[in-house]
Amino acid sequence: MRTFAYERPVTVDEAVLLLDAHGPDARILAGGTDLIIRLRDGSLQPSLVVDIKRIPELQAGIDVRDDVVSISSGTVMTDVAAHPHVRRHFPALVEAAEVVGSVQIRNRATLAGNVCNASPAADTAPPLLVYGAVLVIAGPAGQRRLALDDFFVSSGRTTLGRGELVTAIELPFPVRHVGATHVRRTRRRGHDLASVTLCCAVDDARVTRIAYGSVGPRPYLVVDESGLLADPGASEAQRAVTLERLLAAASPSPRSMRASPEYRLAMLHLLARRALRTATTRLAEGSTA
Amino acid sequence: MSDRLPIELTVNGRHRMLQVSPHHTLLEVLRDDLELTGTKECCLVGECGACTVRLEGRIVDSCLVLAVEADGREVTTVEGLGPEGSLNRLQQSFLDEGGVQCGFCIPGQVMAADDLLRRIPQPTVGQIEDGLAGNLCRCGCYEQIIAAVQAAAQEPES
């Protein structure tokens, strides 16, 4: 591993100053499960690594407020998946957090890191998109909030500006009854990145939200406001037409070692149909989450 | 060449003061500076689990932790599991059940199994598979390893 300078700020302001001063030469270290791999293989060669884990307000914590659950950027997958309010209200996020890597990885990998790394295959991105997650971002110009859907640009690229860092992820409590599920396809259970990762939520106004990843440069969120997908009276053919339209943004890379584009597209449609069924069933079972 | 940074660790109950380079991992410091070579270096991408240690009560892949990140923290390696110079119940189970063939992955397997039994004292086979999913065994001793964890669970440390 090439060497670098290491800073361990203790306030968000200090972190912002460092990131602003060094721009692209600085990288944020949260869980490190992606960063350290890339430091070692040389695909990232920052002159400065900014460890944000000793900043008290970013340290692991899930704050339940009146209208949102706020997950600090130092919170790891293990804690996301174990939190009673997250389990109750955002079960598809729990399903996704529980399949990221292994126990060892989930004890280190942060939810915010999974988002900021901006891998198209990030498993928590689809549920966060479906649940309407909002990022709290600190930067040289102060704090701003950004809908997650406006954050992803392409693989590894986000709309985060110079000197900015994500301090928390806010999940608004659902105002309606929702049934939701996260599903994925991998070559091997335990470690592998997803060949397709997808979340589907259906609410009691028959609005269906689907987010899917690993089939293009970024994860996508699509919404069926027409109520057709969630309508028990709709025919399979009608649903297929709607799904076809909603999943049209998928453009899997032909160069992936993980799966061919044909396989990915076939699995995307299959998983979407399955997830829709599960989400609809869960809604009907009266799950408030 | 960057400056070396002073850090303090508690490793297997013993307080250690060290000077480390920022790019050195916890794995490198444990093996090279502290000569605790039970923790193995293998894939270096967090997939095989051979470098598993307990950091502040939770298992991690020590190849994906910078030594400076562990400053002020408590680390337990496979050397710190049993009483000095002897094996604990879980380690003995690995031997009794034939879970150890080439042995290279075993320190990591034992650390992950120890963590599992702390969280779930009587795990099902499915829970053992999930708990050890981050540890690969190229000899393919998964059946024996699962049997070893079950045996240790049935007869915990007195």
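Given the structure is predicted, the values throughout are model-derived calculations rather than measurements. (Residues numbered from 1 in each chain as written. Chains lettered and ligands numbered in written order. Predicted model: local features only at pLDDT ≥ 70, side-chain atom pairs only at ≥ 80, totals over all residues.)

In terms of nonpolar packing, the biggest core is built from 133 residues, with Leu 93, Val 115, Ile 169, Leu 198 and Cys 200 of chain A touching the most fellow members. With 8 residues, the top contributor of residues to this core is helix α10 (residues 261–284) of chain A. (Core = buried A, V, L, I, M, F, W, Y, C linked by C-beta atoms within 7 Å. Buried ≥ 20, exposed ≤ 12 C-beta atoms within 10 Å, placed from the backbone. Helix = DSSP H or I, 4+ residues; strand = E, 2+ residues; numbered from the N terminus.)

Here we come to the domain arrangement of chain B. Residue and element names in this part refer to chain B. Partitioning chain B into domains gives domain 1 (5–80) and domain 2 (89–154). Summarising the inter-unit geometry, the C-alpha centres of domain 1 and domain 2 are found 21 Å apart. If one sorts the elements of the side of domain 1 that touches domain 2 by residue count, strand β3 (residues 52–55) sits on top with 3 residues. (Domains from an automatic or database assignment.)

Our next topic: the packing of helix α2 (residues 89–96) of chain B against helix α5 (residues 142–154) of chain B. All names here are of chain B. It is the contact of α2 with α5, at a shortest axis distance of 8 Å, that shows an interaxial angle of 135°. Regarding the angle of α2 to α5, the classification is oblique. Of the two possible hands of crossing, α2 and α5 adopt the one that is right-handed. Where α2 approaches α5, its residues Arg 89, Leu 90, Ser 93, Phe 94 and Asp 96 are matched on the opposing element by Ala 148, Ala 151 and Ala 152. Tallied by class, the residues present in the contact of α2 with α5 amount to 5 nonpolar, 1 polar and 2 charged. (Axes fitted to C-alpha atoms, helices over the stretch in contact; angles between N-to-C directions. Parallel < 35°, antiparallel > 145°, perpendicular 65-115°, else oblique. Left-handed = near helix turned anticlockwise from the far one by under 90°. Contact = placed C-beta atoms within 7 Å. Nonpolar A, V, L, I, M, F, W, Y, C, P; charged D, E, K, R; others polar.)

This paragraph deals with the environment of Glu 262 of chain A. Structurally, the position occupied by Glu 262 of chain A is in helix α10. On a C-alpha basis, the gap between Glu 262 of chain A and Ser 251 of chain A in space is 10.0 Å, while along the polypeptide they are 11 residues apart.

This next bit is on the packing of α2 of chain B against helix α3 (residues 106–119) of chain B. All names here are of chain B. Direction vectors running N to C along α2 and α3 enclose 125°, while the axes themselves pass 10 Å from each other. When the axes of α2 and α3 are compared, the pair comes out oblique. As for how α2 packs across α3, the hand of that crossing is right-handed. Together, Leu 90, Gln 91 and Phe 94 of α2 and Ile 106, Val 110, Ala 113, Asp 114 and Leu 117 of α3 make up the contact between the two elements. Tallied by class, the residues present in the contact of α2 with α3 amount to 6 nonpolar, 1 polar and 1 charged.

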